[in-house]
Amino acid sequence: MDLMSSTSFVLNNGVEIPALGFGVFQSAPEETVAAVTTALEVGYRHVDTAAAYFNEKEVGEAIRRSGLARDEVFVETKVWISDYGYEQTLHAFDKSAQKLGVEQIDLLILHQALPGEFDLTLDAYRALEELLADGAVRAIGVSNFMPEHLTRLLAETSVVPAVNQIEVHPYFRQSELLARDAEHGILSQAWSPIGGITFYRDGSHGSTLQDTTIGEIAAAHGRTPAQVMLRWHLQQGRQVIPKSVTPSRIAENADVFGFELTGDQLAAIDALDTGVRGGPEPERITRETFGREIPEA
Ligand SMILES: NC(=O)c1ccc[n+]([C@@H]2O[C@H](COP(=O)([O-])OP(=O)(O)OC[C@H]3O[C@@H](n4cnc5c(N)ncnc54)[C@H](OP(=O)(O)O)[C@@H]3O)[C@@H](O)[C@H]2O)c1
């Protein structure tokens with residue numbers, strides 16, 4: 001069964017993206033081919049990778065091996081900060097496209113803003129605009145852009161990003177940022193959608209998987225906590241990209257189109273927000289601390 005056929009979003013430039021994507025952050029290269037193969041078999045049609053995940057080759061290999069036509073799989077990747085700058089970012093496209101083994105990338109996004117070098121960030125984005133105009137990519141966007149970064153980007157560039165891929169899970173909802181994305185017709189893509197970034201955190205708001213409210217809602221529907229969290233995002237209009245290298249979980253996370261949370265259940269999950277970010281503070285990203293060389297293809 002094609003579990004994905006039921007839902008997709010239309011980006012602000014008219015391009016369609018599946019509502020459910022497959023994440024591969026921290027999937028080791030040797031596990032990635034098998035994980036993406038399983039994902040495509042159970043019906044995912046969107047893979048979210050990044051130059052800085054160092055597994056684009058394996059993602060491409062799994063897509064080719066699947067036998068699916070190129071236009072049946074939506075491929076998203078990200079330019080790392082070490083490749084920012086107009087010419088560098090054009091070249092970053094070549095590196096990623098070659099590693100993925102594709103001519104066209106469906107969605108290419110800037111992985112982070114560089115708040116201390118925003119002009120360089122803008123130059124990188126202008127390269128994405130050029131790639132879009134040339135048809136090398138079908139859509140462009142950003143990731144981890146905070147409201148002030150969006151304001152500046154929108155003021156100084158021409159193409160409104162199609163997506164902003166940001167940390168969103170029940171313990172960190174970023175409601176102000178979600179509203180800003182929506183105001184500009186930018187699709188919010190939730191990274192760590194089931195709270196993966198919280199799993200190893202101490203204290204009462206450690207793992208979202210252990211949360212009693214989420215657990216009760218899951219029990220009421222005969223579903224799992226992960227499925228409930230994914231449903232919460234989808235019903236609130238966010239695209240999701242859960243990651244797993246475990247076949248049973250890959251399938252579980254795709255089986256989220258056959259039930260509906262009530263308004264009260266959505267509100268109960270909204271109320272779990274702690275305001276505590278799991279990932280790095282976007283304002284503190286610099287090339288000095290986070291830079292790493294992205295190898296040639
Ligand atoms: N733009 C960014 O800066 C950024 C940052 C982080 C992530 N991302 C993207 O978002 C994707 C997802 O985020 P994430 O990997 O941080 O977190 P996540 O998808 O919320 O959680 C992944 C973790 O949950 C486990 N898991 C998956 N399904 C499960 C289930 N049904 N039940 C219990 N455990 C389950 C996985 O373990 P196993 O794999 O061992 O099964 C893994 O440890 C990434 O892969 C990446 O594509 C983007």
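Just above, that's the structure.
First, a word on what this report is: a plain description of the structure on this page. (Residues numbered from 1 in each chain as written. Predicted model: local features only at pLDDT ≥ 70, side-chain atom pairs only at ≥ 80, totals over all residues. Heavy atoms only, no water.)

1. So, the packing of aromatic side chains
Cut-off, in case you're wondering: Two rings from Phe, Tyr or Trp (for Trp, the six-membered ring) form a pair when their centres are within 6.5 Å of each other. A pair whose planes differ by under 30 degrees is stacked, one over 60 is edge-to-face, and the rest are tilted. Strands here mean DSSP runs of E at least two residues long; helices mean DSSP runs of H or I at least four residues long; both are numbered from the N terminus.
As enumerated under the stated definition, the model contains three aromatic pairs in all. Measuring from ring centre to ring centre gives 5.1 Å for F22 and Y44, while their planes differ by 70 degrees; the resulting arrangement is edge-to-face. Here F22 is found in strand β3 (residues 22-23), whereas its partner Y44 is found in the loop between α1 (29-42) and β4 (46-48), with 22 residues between them in sequence. Geometrically, the ring pair formed by F25 and Y53 is tilted, given 4.9 Å between the ring centres and 35 degrees between the ring planes.

2. Looking at the pairing of strand β9 (residues 187-191)
Operational definition: Each residue gets one of three labels from its accessible area relative to the maximum for its type: buried under 20%, exposed over 50%, partly exposed in between, using a 1.4 Å probe on protein chains only. Note on pairing: DSSP must find at least two bridges between two strands before they are called paired. Here is how to tell: hold the view so the strands point away, follow the path from the first strand over the helix to the second, and if it runs clockwise the crossover is right-handed.
Burial of β9 is extensive: five of the five residues sit out of reach of the surface. A two-sided burial pattern is seen for β9, the buried positions comprising L187, Q189 and W191 on one face and S188 and A190 on the other. For strand β8 (residues 163-167) and β9, the ladder comprises five bridges, and the chain directions are parallel. Counterpart to Q165 in the pairing with β9 is Q189. A crossover links β8 with its parallel partner β9, the connecting element being helix α6 (residues 175-183), and its sense is right-handed. In this sheet, strand β10 (residues 239-240) lies alongside β9 in parallel orientation, the contact comprising two bridges. Bridging across to β10, A190 finds its partner in V240.

3. Description of the sheet that holds β3
Spatially, eight strands are ordered β3-β4-β5-β6-β7-β8-β9-β10 in an open sheet, and the strand pairing comes out parallel. Each edge of the open sheet carries a strand with a single partner, namely β3 and β10.

4. Thoughts on the environment of H91
The topology assignment puts H91 in helix α3 (residues 86-100). Taking the relative accessible area as the measure of exposure, H91 reaches 34% and is therefore partly exposed. Here the alpha-carbon distance between H91 and V79, two residues twelve residues apart in the chain, equals 10.0 Å.

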